[in-house]
Amino acid sequence: MSAPQNLGGTSRCGLVLGPSLDKIIKNVAWRKHSHLVSACKSALDRLHSLADDPHDPTSCSPLYGLSPSDADLLLQPLIMAIESASPKVVEPALDCAYRLFSFGLIRCCEIKDDSSLIFRLVDSICKCAVLGDEPVELGVLKVLLSAVRSPCIYIRGDCLVEVVRSCFNIYLGGHSGTNQICAKSVLGQMMIIVFTRVQENSMTVDFKNVSVSELLEFADRNLNEGSSIQFAQNFINEIVETKDSFDSNLSLDLQNGGKHPEGKADEAVNEGDDLSGYSKIREDGFLIYKNLCKLSMKFSSQEYPDDQILLRGKILSLELLNVIMGNAGLIWRTDERFLNAVKQYLCLSLLKNSALSVMAIFQLLCSIFQNLISKFRSVLKSEIGIFFPMLVLRVLENVLQPSFLQKMTVLSLLEKMSQDSQFIIDIFVNYDCDVEAPNIFERTVNGLLKTALGPPPGSTTTLSPAQDMTFRHESVKCLVRIIKSMGSWMDHQLKVGDVNPPKLSDNENLTESPSNLNEDTNFTDYELLSQANSEFSDAISLEQRRAYKLEMQKGVAMFNRKPSKGIEFLISAKKVGSSPEEVASFLKSTPSLNESMIGDYFGEREDFPMKVMHAYVDSFDFEKMGFGEAIRYFLRGFRLPGEAQKIDRIMEKFAERYCKCNLDAFSSADTAYVLAYSVIMLNTDAHNSMVKDKMTKADFIRNNRGIDNGKDLAENYLGALYDQIVKNEIRMNAISSAPQSKQENSLNKMLGFDGILNLVWKQTEEKPLGANGYQIRHIQEQFKANSLKSEAVYYAVADPTILRFMVEVCWGPMLAAFSVTLDQIDDKEATSQCLQGFRHAVHVTAVMGMQTQRDAFVTTVAKFTYLHCAADMKQKNVDAVKAIISIAIEDGNYLQEAWEHILTCLSRFEHLQLLGDGAPYELSSLNTTYSDTEDISLRSTSYPSLKKKGTLQNPAVMAVVRGCSYDSTSVGANSPGLVTPEQINNFISNLHLLDQIGSFELNHIFAHSQRLNSEAIVAFVKVLCKVSLSELQSPTDPRVFSLTKIVEVAHYNMNRIRLVWSRIWSVLSEFFVAVGLSENLSVAIFVMDSLRQLATKFLEREELANYNFQNEFLSPFVVVMQKSSSAEIRELVVRCVSQMVLSRVSNVKSGWKSVFMVFTAAAADERKSIVLLAFETMEKIVREYFSHITETETTTFTDCVKCLITFTSSRFNSDISLNAIAFLRYCAVRLADGELACNKKIKGDEITPLEDNVLDVQACKDEHIHFWVPLLSGLSRLTSDPRSAIRKSALEVLFNILKDHGHLFSQPFWSNIFNSMIFPVFHSTFDDSKVNQKDDCSSPSARFRHSDGSAWDSETSAIAAQCLSDLFVHFFDSVRSQLLGVVTILVGFIRSPGQGPSSAGVAALMRLVADLRSNLFEKEWRDIFLCLKEAAASSFPGLLKLLKTMDSVEVPDVDQPKSDMELASGNGAVNDDPVDDNLQTAAYVVSRMKSHITMQLLIIQVVTDLYKMHWQTLSVGSVTILLETYSSIASHSHELNIETSLLLKLEKACYALEISDPPLVHFENESYQNYINFLNDLLMNNSSLCEERNLEAELVSVCEQVLKIYLNCAGFGSANNAVSQPVRHSFLPLGSAKKEELAARTPLVLLVMRILCSMERDSFRIYVSQLFPLLADLVRSEHNSQEVQLVLSNIFQSCIGPLLMQS
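The structure displayed is predicted, hence computed values, not measured ones. (Residues numbered from 1 in each chain as written. Predicted model: local features only at pLDDT ≥ 70, side-chain atom pairs only at ≥ 80, totals over all residues. Heavy atoms only, no water.)

Participant: What should I look at first to understand the overall build of the chain in this one?
Facilitator: Summing up its helical and strand segments, the chain has 75 helices and four strands in all. Taken across its 1703 residues, the chain has 55% of its residues classed as buried. Considering only contacts within the chain whose residues lie at least 6 apart along the sequence, 75% involve residues at least 24 apart. Surface summary for the chain: the accessible area is close to 72,800 Å², and the carbon and sulfur share equals 50%. (Helix = DSSP H or I, 4+ residues; strand = E, 2+ residues; numbered from the N terminus. Buried < 20%, exposed > 50% of the residue type's maximum accessible area, 1.4 Å probe, protein only. Contact = heavy atoms within 4.5 Å. Areas by Shrake-Rupley, 256 points an atom, 1.4 Å probe, with all protein chains shown as cover.)

Participant: Explain the pattern of salt bridges here, please?
Facilitator: Once their charged atoms are close, side chains differing in charge can pair, the charge on each being opposite to the other. With the rule as written, the count across this model stands at 41 salt bridges. The residue D123 makes a salt bridge to K127 at a minimum N-O spacing of 3.0 Å. One end of the pair is D123 and the other is K127, both in helix α6 (residues 117-127) and four residues apart, which spans about a single turn. K127 gets classed as exposed once you look at its relative accessible area, which sits at 52%. (Salt bridge = Lys/Arg side-chain N within 4 Å of Asp/Glu carboxyl O.)

Participant: What should I look at first to understand the environment of K314 in this one?
Facilitator: Tracing the backbone shows K314 in helix α15 (residues 308-326). Sequence separation between K314 and K294 is 20 residues; the distance between their C-alpha atoms is 9.3 Å.

Participant: Would you take a moment to explain the side chain of T590 for this structure?
Facilitator: In this structure, T590 sits in the loop between α27 (580-589) and α28 (595-602). With relative accessibility at 16%, the residue T590 sits in the buried group. Reaching out from T590, the side chain makes a polar contact with the backbone oxygen of F586 at a distance of 2.7 Å. (Polar contact = N/O pair within 3.5 Å; in protein donor to acceptor, adjacent residues only side chain to side chain.)

Participant: I keep staring at the environment of F1071 and nothing clicks. Help me out?
Facilitator: Within the fold, F1071 resides in helix α48 (residues 1058-1076). Discounting residues that sit within four places of it in the chain, F1071 has contacts with C1025, S1028, L1029, L1032, L1043 and I1046.

Participant: Quick question: what am I supposed to make of the side chain of D426 here?
Facilitator: As for its placement among the helices and strands, D426 is situated in helix α21 (residues 421-432). Aside from chain neighbours lying at most four places away, what touches D426 is R377, Y431, Y794 and Y795.

Participant: Explanation requested: the confidence of the model for the chain in the structure shown.
Facilitator: The predicted model of the chain has a mean per-residue pLDDT of 75, with 77% of residues at 70 or higher. Mean pLDDT values over the elements of the chain span from 32, in helix α36 (residues 753-762), up to 92, in helix α39 (residues 828-847). Here residues 244-277 is a poorly scored stretch, pLDDT under 50, and it has 43 contacts once near neighbours within four places are set aside; other chains count. (pLDDT = per-residue confidence, 0-100.)

Participant: What's the story with the packing of aromatic side chains in this structure? I'm lost.
Facilitator: What characterises a pair of aromatic rings is the spacing of the ring centres plus the angle enclosed by the ring planes. Overall, the coordinates contain 51 aromatic pairs when judged by the stated rule. With centroids separated by 5.3 Å and ring planes inclined at 75 degrees, the aromatic side chains of F622 and F654 adopt a geometry described as edge-to-face. Remark: F654 occurs in helix α31 (residues 644-661) and F622 occurs in the loop between α29 (607-618) and α30 (627-634); sequence separation between them is 32 residues. F654 matches F622 in its accessibility class, with the two residues each being buried. With 6.4 Å between their ring centres and 70 degrees between their planes, W811 and F857 make a pair best called edge-to-face. Here W811, found in helix α38 (residues 802-824), pairs with F857, found in helix α40 (residues 851-864); they are 46 residues apart in sequence, far enough to count as distant. Feature note: the residues F602, Y616, F620, F622, F627, Y633, F634, F638, F654, Y658, F666 and Y717 constitute an aromatic cluster, connected by ring pairs. One cation-aromatic arrangement involves R337 over F286; the distance from NZ or CZ to the ring centre is 3.8 Å. (Phe/Tyr/Trp six-rings, centres within 6.5 Å; stacked < 30°, edge-to-face > 60°. Lys NZ or Arg CZ within 6 Å of the ring centre and 35° of its normal.)

Participant: Whenever I open this one, helix α8 (residues 157-173) confuses me. Can you help?
Facilitator: Three or four residues apart is the spacing at which side chains of an α-helix point the same way, because the helix has 3.6 residues per turn. In this model, α8 (17 residues) spans 24 Å end to end at C-alpha, consistent with the 24 Å of a helix rising 1.5 Å per residue. Those residues of α8 that sit buried are G157, C159, L160, V161, V163, V164, S166, C167, F168, I170 and Y171. (Expected span 1.5 Å × (residues − 1).)

Participant: I tried to follow unusual backbone geometry on my own but got confused; where do I start?
Facilitator: It is generally the case that most residues other than glycine have a negative phi and that most peptide bonds are trans. At K624, a position not held by glycine, the phi torsion is positive, near 65 degrees. Position of K624 among the secondary structure elements: in the loop between α29 and α30. The backbone of Y866 sits at a positive phi, close to 60 degrees, despite the residue not being glycine. Checked against the element boundaries, Y866 lands in the loop between α40 and α41 (875-890).

Participant: Just checking my understanding: could you explain the environment of I1286 for this structure?
Facilitator: You can see I1286 is positioned in helix α58 (residues 1284-1301). It is 7.1 Å that separates the C-alpha atoms of I1286 and S1217, two residues lying 69 residues apart in sequence.

Participant: Looking at this structure, how should I read the packing of helix α14 (residues 280-296) against helix α17 (residues 336-353)?
Facilitator: Between two packed helices, the angle of one axis relative to the other and the distance separating the axes together describe the packing. Between α14 and α17, the shortest axis-to-axis distance is 9 Å and the interhelical angle comes to 15 degrees. Taken together, α14 and α17 sit at an angle that is classed as roughly parallel. For the crossing formed where α14 meets α17, the hand is left-handed. Between α14, through R282, E283, G285, F286, Y289, K290, C293 and S296, and α17, the contact on the second element is made entirely by R337, F338, A341, V342, Y345, L346, S349 and N353. Per-class residue counts for the contact of α14 with α17 are eight nonpolar, four polar and four charged. (Axes fitted to C-alpha atoms, helices over the stretch in contact; angles between N-to-C directions. Parallel < 35°, antiparallel > 145°, perpendicular 65-115°, else oblique. Left-handed = near helix turned anticlockwise from the far one by under 90°. Nonpolar A, V, L, I, M, F, W, Y, C, P; charged D, E, K, R; others polar.)

Participant: Which parts of the structure should I look at to understand helix α4 (residues 68-82)?
Facilitator: Its 15 residues give α4 an end-to-end C-alpha distance of 21 Å, which sits within 8% of 21 Å, the value for a rise of 1.5 Å per residue. At L75, α4 shows its maximal bend, which comes to roughly 30 degrees, and the proline P77 appears one to four places after that position. What α4 keeps buried is the set D70, A71, L74, L75, P77, L78, I79, A81 and I82. Of the surrounding elements, those touching the buried residues of α4 are α2 (12-27), α3 (34-49), α5 (87-102) and α6. (Bend = angle between axes of the 7 residues up to and from the residue.)

Next up, the structure:
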């Protein structure tokens, strides 16, 4: 075993002490230090005999495992060696002490005073630092730091102070820069150790190592000797981490033994002073902190103003304070004592040192202040409100004469603070929203703006251009940091939600487990906002406080200009009460008021200001105050006005108040008033430098003699008052600092602030030097004023809405700063910062929904792209384009209308790219027809590339080079002037710059649109459509870039939810319609083809039932088809729709409605090719894809039918119409087969009638009945088509459908069919005929016509009548109620003027009655006959009215030569001869009479035939109707024949016109003949009716009338039977005309006479008296036939003869 291993024995302490003592013995001078040698040897001998305590070596004190006596023996040589002052001896001793402390061998002891052995050891170590030896200094630092670091001992109290002082001395007097750096580093590490223990209140804590480079950030960089910083860092690390290099067993023992001091320290409490209740650890920490603060407040004396040692000590103390505050833990916030220490000592240090001009001190103050803001802003609200303007704003707002380093420090400080997003919010909330606090945020932003703009033009500044540029860059950087932090905070809050800050829950955990803070003591103040003086606030209350402050500031500003106006405004705004007392309180407590203005307001003569002044004075309590003190106290809040009268009024009121508070002070108030005035004069005299001859005390006393009611005041009193005023000027302070009464002040005392105020005013000997002394005193007074107010409440807010108010404050300055910098500076870093600022500003304003501010920022960036004047572009403009793209991608969800600026920029960018590649895209090329599958793409033309050739004559390029304003829609369109080659070259080079942005970035915005939210995508599409419209409507250069992007965006977003897609498409559809109707044919074609592509892609998607998306998608085609005036566009629409439908027929679904609407519009088109094309597709759809039409929506069937009906009206091709009718029948078959049965029932309220006369089918129970309505009504309308083939086909199909599928219809629906579809087919004809008949009297030239100008021919009429009859008979049981209508229709046919319709009507009616005779009821028979009767009678009045028109018509004589008449009528082109007109009228009347007679005869025939066929089934009522019918017709025929003059005119006219006469005689004969036969038949076959009606008499009467007519015709009638005719006196032979008439009437007379002859004798007897004269006249008359005479003879023989014989 070697010798060193034997030294010191086996104990652990011996292992350390033995070698060191041996080295000391070897190095010491034996003669000089014999006692030291002896002690070392004794210790070595003792060590050989010692061993560690076998029981509990860790409990031994002060050395591990040894007794106290042994420890004293062993440590005494070590102390003696250190005190030997020999470096060779001291070094091993220090090394030994270092190892003892590091290894934890010195333990379990508290080192406080000289009673402790370890204290003597530490004290000797501290003292040996003065030896001046460099290794010794390092050794001392090493030992002291290891001692403080050791958890096994507790250095406290004076010992700890001594340790710190020794390190201070080494720093201040060290022999090398390295040692000084090490000393500073050791002190910094000690502060970290001590205050980490204070935080945890424990000796065993984990702490971090000090950073030497950070310690040297502000000072002592000059001490660095090459690698001094690294040496010092290693030096610290070695000491702190020493324990890691020792034996693990020993370390384990030391760790186990280290618990005792911790417990002891925790239990130790100081004995009875103001620090009671605190542990020793925290007591010592407080002591160190207090001493450092005091040390930092020491100033040079007047004798040694440049004391560098003192200055270095001050700087070091501030650095250590900075280390402490930078590592401050939770205890500083939660412990009242430490918090008060910050307020009392640190704040005072900051205040006093702020006046110094030393740069290092200012930087340290800023660093400390940063720590205070970061960690203590919630509890130092008032202090920060004072220091921020003093340290930061004062320097920041100095634009013209700033200190470069100071301002850079402030800018750096602001940049660091701005990185804390919560700090930005808290500053605004607690200061800018607090009426009593300064607007820190607003002033900061405005100060940065001023700095960014630089000194105003023409001003004088001390800054160099480089410095000014640096300031501008840094200020812009700060503004960018601020807006970025605002955005970060907003993003965080929006993610968390509107709840309390998320870290509040973390704080609860921290409170429960303080050890968590041990991991990171650099807590932020935001984490601790749940303290008692912090309060969470919502945005609404902050808005109210902010608004209150702004209005209050407005009122204060008005007051400071004109006090009366300001008070009036504040009272009207209810910011101040209207009473004088409330106004006085406001003037007294508002610090921002101008003191001079307050004085002027008090001195006004008006009543209210006087009352306010009195209330103000009465608010003071001068009780027990000396007069000088009282007047000084009174005048601190305002400045006396300059006018003597005003001062007089104020002093008068003051004197009254003072005497009232101090009743025994003076004999009267007058005394106080005079003395007050005298004191004011003395103050001015003594302290005004302009006054040369100062007032003496004797003068003052003499001036005030006899003022106390003629008596003198005591000279001592006046002398003392004089001394007070002369020594201490009555100063009107910058702020009001008057104390309030105790009652008012009970809640206004700031905790812990009294101490700082006492220090400020007691330590007057430590006045700081420098030019800012007055300002420091001003701040001190501000501190004192704040002490009179209640503790400020610190607000925390988590509602992002607060950002709206912040943006309102800062957006203008930021916009100006970024814009000006970006415009004036080309530096890449500066422009990059500005663009980042724009991006963050857009983000915040966009998310917060601040449209005006957002648009301002976006517009500015867009303008800076210079895409509107590309020839002037620079790199920064290209960067602006990149920023625009980034904004679009990052904040697209919130841009809304601002998208317009972005998309406009992209459009212009693409235009420039297109120009660079060749030439502008020409829309004329779009006229080429696109293939069905071709997508739209922009193809480069064959123009040469601009980038390759420098000269071009392209007009579009020239226009772009000329440029334009940003807001111009057409680039360079209206810009005059020529383009120079230089401009062309600049433009081409700038196009190369744009190559930095590829098409990928450009297209990424549109591809990214699928990630936009629902609201954003709609806004995006709206703006894109707007930009596209502006492109397409450009008068000089229409482009389709945005249009192609619309197609892409629609494709990207096609998979969105249906609700969102509907909103998108509503925008796109309006756009496509607007552009599709454009006058520019190329644009319209391009748009419609784009729409086709989209629709084709959309139709690839399946649509569920009962949705309407496909229909909405195809609706633009419908609108364009209906409104476009271009045949090419309409044809393109038809082609597009046809192609889409036929290719995706299974996916059309609800789109069928739009498809059919398109084809419906096409069917009515004026161009034949469009109609044919549409019908071709329609034919294929109906034939092959009918099942798809109603697959999801049955109403499309109606649309299909409507479309087919429109095709039937096509005037281009009858085949189309006929085929469409056939398809209608096919649709009816499919409908009847139940093709729509799978679909849901459609309610009646969803049915929209196609026309007004379409009935309401809601009552119909059949769910598919309403589908028949449009089909049948359409066919019904077609029956009136002017084309005969179409009419016939429609008529046949209509009735065939009804006959084939009528069994599906219910009785109500049948009724509706007849009323709305069948009857209108016939009524249109008959109604028109009636109209014509009515008009005939005034327009005799009119002819019978159909409603549309065409007439049914005989064949059509026959078909119609026959179909109607067959249908009615076929479904008689269901349609029985329509019998009267059907009969009316058939009778209408009979009444028709043409032979064909009449015959058809007769045949149909006869067949109808024949088929139904056994099923007809009596009422139905009666209805039939009544209808015939009414048909016959209804035409009588019209004909008679027409005949009356002949009264005014003159017919020429028949002897006029016909040739003359023809000549008269042929002389001119226009025949105006009235004779010809009369003949035409007569001809028309003749024609009408013939038609009328034919109709009447036909009715008689029908009635007669019906009676003959069915007489057995007829009732009495029916027969009676028949009788009335016969009678009315006969009477009417006779009435026509007695119009002699009329008949003569007609005869002449017929002769002149060479036409036959109307068969009036025949009509009369037939009428009477049928009438008489009917009566005779009734007499023979219907006895019951004969008795009821006395038919025999009626028959005789009719016979008598016939005989009279015959006799009148023969010219042989008696007066009694021709009453109206003149009496003839002679009888001439009958003319040929009369003979013809007699011949015509002869058969009727024969019939009458035979019937009379056949009468029974008794019956004849009854009527013979009235018949005989007539028979006698017959005997005398001339007859045309011998048969008349024979029958007459027979009557006389068989009837009259027997009667005569009987008589």
